[in-house]
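# Per-entry structural report
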Amino acid sequence: MSISENVTHYLKQIEGGNCFGEKVTLVAATKTRTAEEINEAIRAGITDIGENKVQEFRDKFDLITGGNRHFIGHLQTNKIKYLIGKTYLIQSLDRDELLTELAARSVRAGVTTDVLIEVNIGSELSKSGYPLREAFAAYERAQNTAGLRVRGFMAMLPLSGDEQLLGGLADEMRALYERAKAQDENIRHLSMGMSGDWQLCLAHGSNMIRLGTALFGAR
Ligand SMILES: *Cc1c(COP(=O)(O)O)cnc(C)c1O
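Everything in this summary refers to the structure shown in the same document.

## Points about the site of the ligand
Near the ligand, the surroundings consist of Ala29, Lys31, Asn52, Ile72, Met156, Met194, Ser195, Arg210, Leu211, Gly212, Thr213 and Arg219. Contact between the ligand and Arg219: an oxygen atom at 2.9 Å from a side-chain N or O atom of the residue. Grouping the amino acids of the shell around the ligand by side-chain chemistry returns 5 nonpolar, 4 polar and 3 charged.

See below:
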């Protein structure tokens, strides 16, 4: 199937919302894709796109026509300057060093940067993100820091065939999201779900999924 057929298909799939009937945002994960491929997806109805690497974010920035620009990859502090004022949402606020530096640079530029707190929900050594037990405190710290506005949480579930395990982890993320949302109207995104696990994530309360392979084919 073509990119535009895939986009139509997946937009239709999420039309009914998540398990709570909340609207679901589909973010196209665009790493390694050309600007032409991304523009085809946007023409087909994609409203939000997410890059993993600062270099790709910059190279394609002016070639892409529209779309809310998310950053979803690991962000080195020395590259923050290239993103300031250009992102719709940085989904990967994964450590205190980044929190401090992103806030300081945002203030200096006179902007407020919208972010998600990334949680390493599977406690995996290979993944970034705050441990679950530190995530709420990180959210509060970021929300009380000038230059940042937290809009929710992001997580990547581990690779596993154990749906009960994955469902349990997704539920923990939803509980974290609910806890913050109960006291803070800025909180509105729970970004969880990729090509292999988006259905499970929507069944456990995610309201933002990030699809790469499903939309563009294998990398
Ligand atoms: C690549 C990537 C995705 C999409 O992965 P697919 O399995 O290709 O759908 C989602 N989120 C992040 C952070 C990614 O790096």
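## Considerations on helix H3 (residues 54–61)
Turning to H3, its buried residues are Val54, Glu56, Phe57 and Lys60. Each buried residue of H3 lies within a common arc of 165 degrees when the element is viewed along its axis, so the set occupies one face. If you follow the buried residues of H3, they end up packed against helix H2 (35–43), strand S2 (48–51) and strand S3 (68–71).

## Examining the nonpolar core
Counting residues in hydrophobic clusters, the biggest one holds 40 residues, and the most contacted among them are Leu75, Leu93, Ile117, Tyr139, Leu148, Phe153 and Met173. When residues in this core are grouped by element, the largest group, 7 residues, is from helix H6 (residues 163–181). What Leu93 contacts, discounting residues up to four positions off in sequence, is Leu98, Leu99, Val115, Leu116, Ile117, Glu118, Tyr130, Ala142 and Leu148. Judged by nonpolar contacts, the second largest core, of 21 residues, contains Ile14, Ala41, Ile49 and Leu215.

## Observations concerning H6
Between the first and last C-alpha of H6 there are 26 Å, a value that for 19 residues agrees with the 27 Å anticipated at 1.5 Å per step. Close packing links the buried residues of H6 with strand S5 (113–119), helix H5 (132–143), strand S6 (148–155), strand S7 (189–192) and helix H7 (198–203). Measuring from the backbone nitrogen of Gln164 back to the side-chain oxygen at the start of H6 gives 3.2 Å, which picks out Asp162 as the cap.

## With respect to the pattern of salt bridges
A side chain of one charge can pair with a side chain of the opposite charge when the charged atoms of the two come close. Applying the stated criterion across every chain yields a total of 13 salt bridges. A salt bridge links Arg174 to Glu22; its shortest N-O distance comes to 2.9 Å. You can see Arg174 sitting in helix H6 and its partner Glu22 sitting in the loop between helix H1 (3–13) and strand S1 (25–29), a full 152 residues away along the chain. On the basis of relative accessibility, which here comes to 22%, the residue Glu22 falls in the partly exposed class. One salt-bridge network, in which partners are shared between bridges, spans Glu22, Arg174 and Glu178.

## Brief notes about the packing of H5 against H6
Between two packed helices, both the angle of their axes relative to each other and the distance between the axes serve to describe the pair. With their axes 11 Å apart at the nearest point, H5 and H6 run at an angle of 20 degrees to one another. On the basis of the axis angle, H5 is roughly parallel to H6. As H5 runs across H6, the sense of the crossing is right-handed. Counting all contacts with H5, which are made through Leu132, Ala135, Phe136 and Tyr139, the residues of H6 involved are Glu172, Leu176, Arg179 and Ala180. Counted by class, the contact of H5 with H6 contains 6 nonpolar, no polar and 2 charged residues.

Rules used in this analysis
Residues numbered from 1 in each chain as written. Predicted model: local features only at pLDDT ≥ 70, side-chain atom pairs only at ≥ 80, totals over all residues. Heavy atoms only, no water. Near = heavy atom within 4 Å. Polar contact = N/O pair within 3.5 Å; in protein donor to acceptor, adjacent residues only side chain to side chain. Nonpolar A, V, L, I, M, F, W, Y, C, P; charged D, E, K, R; others polar. Buried < 20%, exposed > 50% of the residue type's maximum accessible area, 1.4 Å probe, protein only. Helix = DSSP H or I, 4+ residues; strand = E, 2+ residues; numbered from the N terminus. Arc of directions from axis to C-beta. Contact = heavy atoms within 4.5 Å. Core = buried A, V, L, I, M, F, W, Y, C linked by side-chain atoms within 4.5 Å. Expected span 1.5 Å × (residues − 1). Salt bridge = Lys/Arg side-chain N within 4 Å of Asp/Glu carboxyl O. Axes fitted to C-alpha atoms, helices over the stretch in contact; angles between N-to-C directions. Parallel < 35°, antiparallel > 145°, perpendicular 65-115°, else oblique. Left-handed = near helix turned anticlockwise from the far one by under 90°.

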